[in-house]
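A structural walkthrough
In case you want the letters, here they are:
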Amino acid sequence: MTVPQILYVSAFLLILIGLYSLLTQRNMIRMIIGLNIADLGVNLFLVTIGFVDKGSAPIFRAQAAAGPMVDPVPQALVLTSIVIGFGVTALALTLVMRLFVSHGSIDTARIRGLKW
Amino acid sequence: MRKLIGILLIGGFAFYLVTVGMGLFSAESRSELDSVGSEILATSPDLSGAANTVTAVVVQYRGFDTLGEVTVLFVSALGVGMLAMAIKDGLLKNLFDDNGGFVLQAGSLALLPFIVLVGLYITLHGHLSPGGGFPGGVIIATAVFVVILTSKTLSIPRGLINVMETLAGLGFLAIGFVGLYSPAQSFLANILPKGEFGSLLSAGFIPVIYAIVAIKVASELINIISKLTAADSDSKEAAE
Amino acid sequence: MTYIVLILCVFLVGMALAAVLVKDLRSAIILLSALSLFASLAFLIVAAPDVAITEAAIGSALTTVIFVIALFRTRKSTEGNTSATVRRVDESARAVRQKETDNA
């Protein structure tokens, strides 16, 4: 196993664990925790795609590094993705708090229209 | 039943991932980049003057994307603010019943300038070392959260923060339009002098944009947290 | 190097599973924060220090703060959910404070 292969496997597992939590939990805060875990898995996956063997960080220094540099494009994308993921989390949690005020519960089984 | 359906769906998705991801696993570990990455790595030092290529991609190659990202964060903060009003009506109380105590309050106030200093350093060295406007802004906002979380009687100057946020957003747009009407004739063109490669005053407008992004991110996050903890002045009047 | 990554990934997946399966919601939030911190280590290993620093700042600091605020805001009621010990300590502290003001 090489380093990227291990990271691919764990990124897939993180995505699956997050989606499982999103689908099966009844508590909404737990669902958002699952969403965050899946988000993390996707980010890890994207960054790993840009990795090259024995690559160094894409920063130029005074004395040139020995090996090749990794791909900067997925890293820039993931930087964007992390910040937007935080925006999504904040908005989702505020919606949950709003739902608690109007329904008195954050359990999907107790709110009519959200049960399945 | 719900668990069973969930497991079945996840199983299907896992099968999909495995079939799609087989190509990634079977391939030998890569030792060279695709065309876009290697092109950017080759041209970035001359084109942008930034030592950190990720920063060059975020601010210069994909500057318009960053503007959209800041807008997404702004819309998110707007939604949180509107929903927080309804929450405040429903609960009508501060999040914390008590102060954190003298030691925590004094400690957090003593820590504030140092955390802000770290945030400013990370922001302004974004084109030379890892970091930049997003983590820098978050760190500056964290300094304020520490004070909010320990002190009940703190009131955030919300007007000042809103003005700063608006000015930062307009500044971003203004720099974009300056590029549009300059000889380069493209939105967000890097027209400032590049300076000496690897020094603090280099890379043209990249440090300026990152400083603006840091101000915007920090003020939006302070807004979100102060609304959710009801640390602003409105709720305190309501609570009294 | 491969073994370090292997151990790190076992930690990552284990923490994710624990965050999903653990009963206490507060523990789940703290486990999510720790997961973010370990993920930033993983980002550092694939030579992405920018992503690592952003993940450490946003994932493990800010997200945790927001989650804890949401948890506080969605408790059934503040009196009912604080444990009996905390309430007793709180009441005794209030009584002491009352006595002090009476004395003064």
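Residues numbered from 1 in each chain as written. Chains lettered and ligands numbered in written order. Predicted model: local features only at pLDDT ≥ 70, side-chain atom pairs only at ≥ 80, totals over all residues.

**Considering the overall build of chain C**
- On a plain count of helices and strands, chain C comes out with five helices and zero strands.
- Counting from the amino terminus, helix and strand elements in chain C follow one another as α-α-α-α-α.
- Relative to its full complement of 104 residues, chain C shows a buried share of 38%.
- Sequence-distant contacts, at least 24 apart, represent 40% of the contacts inside chain C between residues at least 6 apart. (Helix = DSSP H or I, 4+ residues; strand = E, 2+ residues; numbered from the N terminus. Buried ≥ 20, exposed ≤ 12 C-beta atoms within 10 Å, placed from the backbone. Contact = placed C-beta atoms within 7 Å.)

**Here we look at the overall build of chain A**
- Across its full length, chain A holds three helices and zero strands.
- Reading chain A from its N terminus to its C terminus gives the helix and strand order α-α-α.
- Here the C-alpha atoms of chain A give a radius of gyration of 19 Å, more than 25% beyond the 13 Å that 2.2 N^0.38 yields for 116 residues.
- Over its C-alpha atoms, taken along the principal directions, chain A stretches across nearly 60 × 30 × 15 Å.
- Split into buried and exposed, the 116 residues of chain A put 56% on the buried side.
- Considering only contacts in chain A between residues 6 or more positions apart, those separated by 24 or more positions represent 48%. (Rg over C-alpha atoms; globule rule 2.2 N^0.38 Å.)

**A look at the packing of helix α1 (residues 2-21) of chain C against helix α2 (residues 25-45) of chain C**
Residue and element names in this part refer to chain C.
- Direction vectors running N to C along α1 and α2 enclose 155°, while the axes themselves pass 9 Å from each other. The angle between the axes of α1 and α2 places the two elements in the roughly antiparallel class. Judged by the sense of rotation from one axis to the other, the crossing of α1 with α2 is left-handed. Facing Val5, Leu8, Phe11, Leu12, Met15, Ala16, Ala18 and Ala19 of α1, the residues of α2 in contact are Ala28, Leu31, Leu32, Ala34, Leu35, Phe38, Ala39, Leu41, Ala42 and Ile45.
- Residues of the contact of α1 with α2, tallied by class, amount to 18 nonpolar, no polar and no charged. (Axes fitted to C-alpha atoms, helices over the stretch in contact; angles between N-to-C directions. Parallel < 35°, antiparallel > 145°, perpendicular 65-115°, else oblique. Left-handed = near helix turned anticlockwise from the far one by under 90°. Nonpolar A, V, L, I, M, F, W, Y, C, P; charged D, E, K, R; others polar.)

**Examining unusual backbone geometry**
All names here are of chain C.
- Notably, Ala47 is not glycine yet its phi reads approximately 60°, a positive angle.
- By secondary structure assignment, the location of Ala47 is in the loop between α2 and α3 (49-73).
- Assessed through the 23 C-beta atoms surrounding it within 10 Å, Ala47 is described here as buried.

**A few points about the confidence of the model for chain C**
Residues and elements named next belong to chain C.
- When the pLDDT values of chain C are averaged, the result is 79; 72% of them are 70 or greater.
- Here residues 78-86 scores under 50 on pLDDT; set against residues more than four positions off or in separate chains, the count is three contacts.
- With a pTM of 0.84, the predicted complex shows an ipTM of 0.85. (pLDDT = per-residue confidence, 0-100.)

**Some points on the interface of chain B and chain A**
- Taken residue by residue, the interface counts 45 residues in chain B and 37 residues in chain A.
- Counting only elements with at least two residues in the side of chain B that touches chain A, the list comes to α1 (2-26), α2 (35-48), α3 (53-61) and α4 (63-91) of chain B.
- When residues of the side of chain B that touches chain A are assigned to their parent elements, the largest contribution, 13 residues, is made by α4(B).
- The residue makeup of the side of chain B that touches chain A, split by class, is 26 nonpolar, twelve polar and seven charged.

**Notes on the environment of B:Lys216**
Residues and elements named next belong to chain B.
- By the element assignment, Lys216 lies in helix α8 (residues 206-228).
- The buried category is assigned to Lys216, around which 26 C-beta atoms lie within 10 Å.
- Lys216 has contacts with Val70, Glu165, Ala168 and Gly169, leaving out every residue within four places of it along the chain.

**Topic: the interface of chain A and chain C**
- Each partner contributes residues to the interface: chain A has 38 residues there, and chain C has 37 residues.
- For the side of chain A that touches chain C, the elements supplying multiple residues, two or more each, are α1 (3-24), α2 (28-49) and α3 (72-103) of chain A.
- Sorting elements by how many residues they give to the side of chain A that touches chain C places α3(A) first, with twelve residues.
- A breakdown of the residues in the side of chain A that touches chain C according to their chemical character gives 27 nonpolar, ten polar and one charged.

**Section: the environment of A:Leu40**
- Tracing the backbone shows A:Leu40 in helix α2.
- Under the C-beta neighbour-count criterion, A:Leu40 is labelled buried, with 27 such atoms within 10 Å.
- Expressed as a C-alpha distance, the spacing of A:Leu40 and A:Ser81, which sit 41 residues apart in the sequence, is 9.7 Å.
- Look past the residues within four positions of A:Leu40 in its chain and what remains in contact with it is A:Leu14, C:Leu35, C:Ser36 and C:Ala39.

**Some words on the packing of α3(B) against α8(B)**
Residue and element names in this part refer to chain B.
- It is at 10 Å that the axes of α3 and α8 come closest, and there the two elements cross at 80°. As judged from the angle between their axes, α3 and α8 are roughly perpendicular. For the pair α3 and α8, contact is made by Thr55, Val59 and Gln60 and by Ile206, Ile209 and Tyr210, respectively.
- Here the residues of the contact of α3 with α8 are counted per class, giving four nonpolar, two polar and no charged.

**Here we look at α8(B)**
- Spanning 23 residues, α8(B) covers 33 Å between terminal C-alpha atoms, matching the ideal 33 Å at 1.5 Å per step.
- Where burial is concerned, most of α8(B) is hidden: 21 out of the 23 residues are buried. (Expected span 1.5 Å × (residues − 1).)

**Examining the nonpolar core**
- Of all hydrophobic cores here, the largest spans 121 residues; its most connected members are A:Leu7, A:Leu14, C:Ala16, C:Ala19 and C:Leu35.
- Top contributing element to this core by residue count: α8(B), with 14 residues.
- Residues contacting C:Leu35, with those up to four places away along its chain left out, are A:Ile37, A:Leu40, C:Leu12, C:Met15, C:Ala16 and C:Ala19. (Core = buried A, V, L, I, M, F, W, Y, C linked by C-beta atoms within 7 Å.)

**Quick word on the environment of B:Ala56**
Residues and elements named next belong to chain B.
- With respect to the helices and strands, the residue Ala56 is situated in helix α3.
- For Ala56, a count of 28 C-beta atoms within 10 Å corresponds to the buried category.
- It is 35 Å that separates the C-alpha atoms of Ala56 and Leu228, two residues lying 172 residues apart in sequence.
- When sequence neighbours within four positions are dropped, the list of residues in contact with Ala56 reads Ser44, Ser48, Ala50 and Tyr61.

**Some remarks on helix α5 (residues 102-124) of chain B**
Residue and element names in this part refer to chain B.
- Relative to the 33 Å expected for 23 residues at 1.5 Å per residue, α5 spans 34 Å between its end C-alpha atoms, a close match to the ideal helical length.
- Every buried residue of α5 is accounted for by Ser108, Gly119, Ile122 and Thr123.
- Elements that come into contact with the buried residues of α5 comprise α6 (133-150) and α8.

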